[in-house]
Each structure stands twice: as C-alpha cells, then as structure tokens.
Amino acid sequence: MRCAVYPGSFDPITNGHMDIVYRASPIFDELILAISNNPGKKQLFAIDERISFAKQLTKDIPNVRVESFDKLLVDYVSERGVNVVVRGLRAVTDFEMEFQMALINKKLRPQIETVFLVTNAEYSFLSSSIIKEVASFGGDVSDLVSPKVAEGLKRKFGGGSGA
Ligand code: ADP
C-alpha cells in the first residue's frame with residue numbers, strides 16, 4: 001500500500017488545500033489528511049471543527065482519511081507506518097520554511113520523504129491566514145472555502161463573510 005500523510009493546521013481548510021487533496025489522492029492508495037492539534041498554537045477553529053470541515057469535504061473521496069495528531073509529525077507518521085509526507089508549495093516564501101521542515105524531518109527520520117505539489121495558479125494567493133483576515137473584516141470568502149467553512153467564519157466573526 002502506498003500511503004501518504006498530508007499534514008497541516010487547516011485552520012480552516014480552503015479550496016487551495018482541497019486542490020492538493022484532489023491531486024495527491026490519485027497518486028497514493030491512501031492519503032491521510034492529518035490535522036495538527038497543538039494546544040500551544042493559537043487556532044481560530046477548535047480541532048473538532050477543523051476535523052468536521054475536512055471530513056465533510058473529503059467524504060466522497062474513498063481513499064482519503066481525516067485524522068488529528070498531537071505529537072511530532074515524524075513520530076505520528078512512523079506510527080502509521082507511512083514514509084511519505086505531502087506538502088503544498090505556493091511561492092518562494094513557502095519554500096524556505098518547507099525546505100527547513102523537510103530537512104529536519106529527514107534528519108529525525110531518514111526514511112521519510114517529503115513530496116511537494118506545486119499550487120494550482122488559481123489558488124497561489126490562498127492561505128488560511130488570508131481567509132481569516134478577510135473574513136474578520138466581513139469580506140466575502142465564499143469562492144475560496146466551502147459553504148460550511150464560510151458559515152463557520154461568519155459565526156466566529158459575526159456576519160459579513162460569504163454574504
Ligand atoms: P501549516 O500550519 O502546517 O503550514 P497549513 O494548513 O497552513 O499548515 O498548510 C498545510 C499545507 O498546505 C502546507 O504545505 C501549505 O503550503 C499547503 N497549502 C496551503 N494553502 C495552499 C494553496 N493555496 N495551494 C497549495 N498548497 C497550499
């Protein structure tokens with residue numbers, strides 16, 4: 001079985017994340033979308049909400065499973081018996097951080113390979129942070145996230161977004 005883990009905060013999951021899921025899932029027998037549950041990192045959406053958004057969006061992709069993890073990525077990945085981590089690359093700005101993470105993960109567990117999928121140009125500007133920023137000022141993000149996520153953002157910021 002060729003299995004891969006696509007890890008991230010997914011706070012919240014965007015159409016850019018889903019584009020990576022749609023493109024990575026046919027490459028592997030199983031793709032685990034792994035949502036980091038790091039209590040030290042301030043998140044807008046609680047882990048249960050982030051899981052629920054991701055599950056709803058991936059329910060029709062049979063080889064995608066949603067899980068959360070609260071430990072070092074390499075430990076979680078190894079426990080699952082997986083050797084491949086999928087990440088998305090948007091711009092040069094992502095590269096430095098992703099490069100550093102891939103190398104530290106390789107140092108910790110040499111058998112783990114990080115595979116990068118380059119963003120679809122359509123989503124290259126899209127990040128969870130920009131979504132939160134726009135939504136916090138009542139901007140319309142309904143083309144960039146799922147209806148459930150847009151609803152969640154409205155709930156958090158009280159109106160505006162997705163209207
Ligand atoms: P993290 O907090 O670990 O960076 P994110 O949820 O922000 O987690 O992102 C998870 C992964 O998805 C990262 O590799 C990120 O570069 C990638 N990603 C996020 N948005 C996009 C996008 N619009 N296009 C391609 N990849 C993306």
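Conventions used here
Residues numbered from 1 in each chain as written. Predicted model: local features only at pLDDT ≥ 70, side-chain atom pairs only at ≥ 80, totals over all residues. Heavy atoms only, no water. Near = heavy atom within 4 Å. Polar contact = N/O pair within 3.5 Å; in protein donor to acceptor, adjacent residues only side chain to side chain. Areas by Shrake-Rupley, 256 points an atom, 1.4 Å probe, with all protein chains shown as cover. Helix = DSSP H or I, 4+ residues; strand = E, 2+ residues; numbered from the N terminus. Nonpolar A, V, L, I, M, F, W, Y, C, P; charged D, E, K, R; others polar. Buried < 20%, exposed > 50% of the residue type's maximum accessible area, 1.4 Å probe, protein only. Pairing = 2+ DSSP bridges. Right-handed = clockwise from strand over helix to strand, strands pointing away. Phe/Tyr/Trp six-rings, centres within 6.5 Å; stacked < 30°, edge-to-face > 60°. Axes fitted to C-alpha atoms, helices over the stretch in contact; angles between N-to-C directions. Parallel < 35°, antiparallel > 145°, perpendicular 65-115°, else oblique. Contact = heavy atoms within 4.5 Å.

Asker: An account of the site of the ligand is needed here, citing residue identities and associated values.
Answerer: Contacts to the ligand come from 17 residues, most closely from Tyr6, Ser9, Phe10, Gly88 and Tyr123. Take His17: an N or O atom from its side chain is 3.1 Å from an oxygen atom of the ligand. Arg87 has a polar side-chain atom sitting 3.0 Å from an oxygen atom of the ligand. Notes on the ligand: free accessible area 560 Å², of which the protein chains cover 87%. Counting residues per element, the ones that place at least two in the shell around the ligand are strand 1 (3–8), helix 1 (15–24), strand 4 (84–89) and helix 4 (92–108). Its residues placed into classes, the shell around the ligand shows six nonpolar, six polar and five charged.

Asker: For the pairing of strand 1, give the residues involved together with the corresponding values.
Answerer: The buried fraction of strand 1 is high, at six of six residues. Here strand 1 shows two buried faces, one formed by Cys3, Val5 and Pro7 and the other by Ala4, Tyr6 and Gly8. Here strand 1 runs beside strand 2 (residues 30–36); their pairing, made up of six bridges, is parallel. Considered in strand 2, the bridge of Pro7 is made with Ala34. With helix 1 bridging strand 1 and its parallel neighbour strand 2, the resulting β-α-β unit is right-handed. Examined bridge by bridge, strand 1 and strand 4 share two bridges and lie parallel to one another. Across the sheet, residue Ala4 finds its bridge partner in strand 4, namely Val84.

Asker: Describe in detail the packing of aromatic side chains, supporting the description with residues and values.
Answerer: Tallying each qualifying case throughout the model produces four aromatic pairs. Judged by centre distance (5.2 Å) and plane angle (85°), the ring pair of Tyr6 and Phe10 falls under edge-to-face. Ring geometry for Phe95 versus Phe99: centroids 5.2 Å apart, planes at 25°, classification stacked. Of this pair, Phe95 and Phe99 both sit in helix 4, four residues apart, which is roughly one turn of that helix.

Asker: Describe the packing of helix 2 (residues 47–58) against helix 6 (residues 147–157), listing the residues and the values that go with them.
Answerer: The N-to-C vectors of helix 2 and helix 6 enclose an angle of 155°; their axes lie 10 Å apart at closest approach. The orientation of helix 2 with respect to helix 6, classified from their angle, is roughly antiparallel. The residues of helix 6 that touch helix 2, namely those facing Glu49, Phe53 and Gln56, are Lys148, Val149, Gly152, Arg155 and Lys156. Considered class by class, the residues forming the contact of helix 2 with helix 6 number two nonpolar, two polar and four charged.

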